[in-house]
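Descriptive structure summary
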2 protein chains.
Amino acid sequence: VKPIAIRGKPIAGGKVPLICAPLVARTRDALMAEAQVVLRAKPDVVEWRVDFFSKPGQVVDTARALKSALGATPLLFTRRSPSEGGEASDLDAAEVVSLYEAVCEARCAELVDFEMGNPAGDVEKVVVAANRSGIATVLSYHNFRETPPVSMLAERFATAQELGGEVAKVAVMPKSMDDVLVLLGATLKGSQTLRIPVISMSMGALGSLTRMLGWAFGSALTFGIGASGSAPGQVSIEDLEAVIALARKAMQRG
Amino acid sequence: VKPIAIRGKPIAGGKVPLICAPLVARTRDALMAEAQVVLRAKPDVVEWRVDFFSKPGQVVDTARALKSALGATPLLFTRRSPSEGGEASDLDAAEVVSLYEAVCEARCAELVDFEMGNPAGDVEKVVVAANRSGIATVLSYHNFRETPPVSMLAERFATAQELGGEVAKVAVMPKSMDDVLVLLGATLKGSQTLRIPVISMSMGALGSLTRMLGWAFGSALTFGIGASGSAPGQVSIEDLEAVIALARKAMQRG
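Just so we're clear, the structure is a prediction, and the values are computed from it rather than from any experiment.

Things to note about the sheet that holds strand β11 (residues 235-236) of chain B
All names here are of chain B.
- If you walk across this open sheet you meet the nine strands as β9-β8-β7-β6-β5-β4-β3-β10-β11, and the pairing is parallel. Looking at which strands have only one partner, the edges of the open sheet turn out to be β9 (198-202) and β11.
- The pairing of strand β4 (residues 45-49) with strand β5 (residues 75-78) spans four bridges and is parallel. Within β5, the position partnered with Val-46 by the bridge is Leu-75.
- Together, β7 (136-143), β8 (167-172) and β9 form the strand contacts of helix α5 (residues 150-162), whose direction differs from that of β8 by roughly 150°.

Some thoughts on the nonpolar core
- Within the largest apolar cluster, 136 residues are counted, with the highest numbers of intra-cluster contacts made by Trp-48 and Phe-77 of chain A together with Trp-48 and Phe-77 of chain B.
- The contact partners of Phe-77 of chain A, leaving out residues within four places of it in the chain, are Trp-48, Val-50, Val-59, Leu-99, Tyr-100, Val-103, Ala-109, Leu-111, Val-112 and Asp-113 of chain A.

Observations concerning the relation of the copies chain A and chain B
- Expressed as a screw operation, the relation of chain A to chain B combines 0.0 Å of axial shift with a rotation of 180°, fitting to an RMSD of 0.0 Å. The relationship between the two copies is best expressed as a two-fold rotation axis. When each C-alpha of chain A is compared by its distance to the rotation axis, Val-243 of chain A comes out closest, at 2.8 Å.
- Comparing contact sets, 100% of the residues at the interface of chain A also lie at the interface in chain B, consistent with an isologous, same-surface contact.

Observations regarding the interface of chain A and chain B
- In this complex, chain A contributes 32 residues to the contact, which on the side of chain B involves 32 residues.
- Roughly 2,500 Å² is buried in total at the junction of chain A and chain B, and carbon and sulfur atoms are behind 73% of that figure.
- Our count for the chain A to chain B interface comes out at two salt bridges.
- Its salt-bridge partner being Asp-239 of chain B, residue Lys-249 of chain A comes within 2.6 Å of it at the nearest N-O pair.
- Counting only elements with at least two residues in the side of chain A that touches chain B, the list comes to α6 (177-193), α7 (204-213) and α8 (237-253) of chain A.
- Per-element tally for the side of chain A that touches chain B: the top contributor is α8 of chain A, with nine residues.

Observations concerning the environment of Val-97 of chain B
Residues and elements named next belong to chain B.
- Relative to the helices and strands, Val-97 is located in helix α3 (residues 93-105).
- Measuring from C-alpha to C-alpha, the distance between Val-97 and Ile-19 comes to 27 Å, with 78 residues separating the pair along the chain.
- If near-sequence neighbours (up to four positions away) are discounted, Val-97 is found in contact with Phe-114, Asp-122 and Lys-125.

So, the layout of surface pockets
- By volume, the largest pocket amounts to about 250 Å³.
- Lining the largest pocket we find 14 residues, and of these Ile-6, Lys-9, Ile-11, Ala-72 and Pro-74 of chain B sit closest to its centre.
- The class makeup of the residues in the lining of the largest pocket is six nonpolar, three polar and five charged.
- When its volume is computed, the second largest pocket comes out at roughly 210 Å³.
- Residue lining of the second largest pocket: 14 residues in total, with Asp-51, Phe-53, Pro-56, Ala-88 and Ser-89 of chain A positioned closest to the centre.
- Considering only residue class, the lining of the second largest pocket consists of eight nonpolar, two polar and four charged.

Definitions and limits used
- Residues numbered from 1 in each chain as written.
- Chains lettered and ligands numbered in written order.
- Predicted model: local features only at pLDDT ≥ 70, side-chain atom pairs only at ≥ 80, totals over all residues.
- Heavy atoms only, no water.
- Pairing = 2+ DSSP bridges.
- Helix = DSSP H or I, 4+ residues; strand = E, 2+ residues; numbered from the N terminus.
- Contact = heavy atoms within 4.5 Å.
- Axes fitted to C-alpha atoms, helices over the stretch in contact; angles between N-to-C directions.
- Core = buried A, V, L, I, M, F, W, Y, C linked by side-chain atoms within 4.5 Å.
- Buried < 20%, exposed > 50% of the residue type's maximum accessible area, 1.4 Å probe, protein only.
- Least-squares fit on C-alpha atoms with pLDDT ≥ 70 in both.
- Buried area = accessible area lost by both parts, 1.4 Å probe.
- Salt bridge = Lys/Arg side-chain N within 4 Å of Asp/Glu carboxyl O.
- 1 Å grid on protein atoms, 1.4 Å probe; cavity = no way out; pocket = protein on both sides within 12 Å on 5 of 7 lines; lining within 4 Å.
- Points joined across faces, edges and corners; volume = space filled by probe spheres on them.
- Nonpolar A, V, L, I, M, F, W, Y, C, P; charged D, E, K, R; others polar.

What follows is the structure, encoded as structure tokens:
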């Protein structure tokens, strides 16, 4: 598994998988309180799902305060669009890009997640802004309806790399355990063929195993609940860590 | 997952997966002591790997004593051949069949495992002897060198059913995590297409995840260490139960 790095330095010393806790508060006070709760679970990365946040005009200031509160724990800034599972939003595409540019310019995050389904010009703008500030870009694809075939998932992983992402992320919904195997197979292939690290998960109840064990198939990071979940199938950081430790012990023992 | 039953009654009330602890002692005294250790871990089934046992002439008497010591815990009687990962043996094929027939006639096991790679006539004899005594037959296939393709594994599962097995078992060695996905895919397919329950595992370090989570892909039973392991990649019953409980919680929560 390729480690996720910030300015060349692997996060958490190259630990696999990284555990990332989402923040989903709607107000600044609630967000700062949520961050304190989440930090107690000692995540490797904290993701601010800014689409849950109710004050677009206060995002940069709030991100700055959040980054300060997180100390050494890297912040992943993510505005998930409604079409890929995010909260409803009044922002248009240009405003979203401006938000990312402002956050990058203010250097108040270590990573940003941007959906590669956005227009190519927008993706390029975000990648450029992130690169300029030494921020790592996660280029992502989410499908809450189904699990596309391996060939399509492989194409998504490859596209993230081609568009200049430093991390490729794919999250899809399974309808069966066969779909879970499709996601794991695509992850394995992506992690073997790409130069950049990959993150993947099969969502929902059926897919929850991939949140626990996707690292064994090449996924560099998994999302776990510190305070509140942000997507279906997420499990607590405590449970994630317990399963990961037992599985690693088994795989090292043989 | 179809439950494994004895005379129509699902073992452990249909619990999925069943956990089976192997016994690998060489002498009767050591075997009886090993059984006591193993019972403390409360396995659902105990397997006597009789190929480890040094006194072929004392097998039936010893099986009787073992069954008595196990009380309500069902006994799986298994003589693994050297070609499928068992201990070296002086018994010829006819002697092995006679051993199974004697154990069946004495009704000192609830299940017997016989390799479907044996001559068809031998398989038939063991199935007939087991059926006559109300003993469930596990027809098995082991490959310690590699993981054959899904089509070949599917054929092995189907053959176990065709030959009259009440359970189909496939255990193979992975060379990569791709092979682990092949085994899980074949298990899923077998569990969906066969009338009988299936047991599967990918062996060794890489495959140990399948011992923990194969049930999510249709495997009805997993082997866990109560006292000593009998095949590569086995993990302790304690660790198995911890992972299974956490994974089930995640899959039920969604």
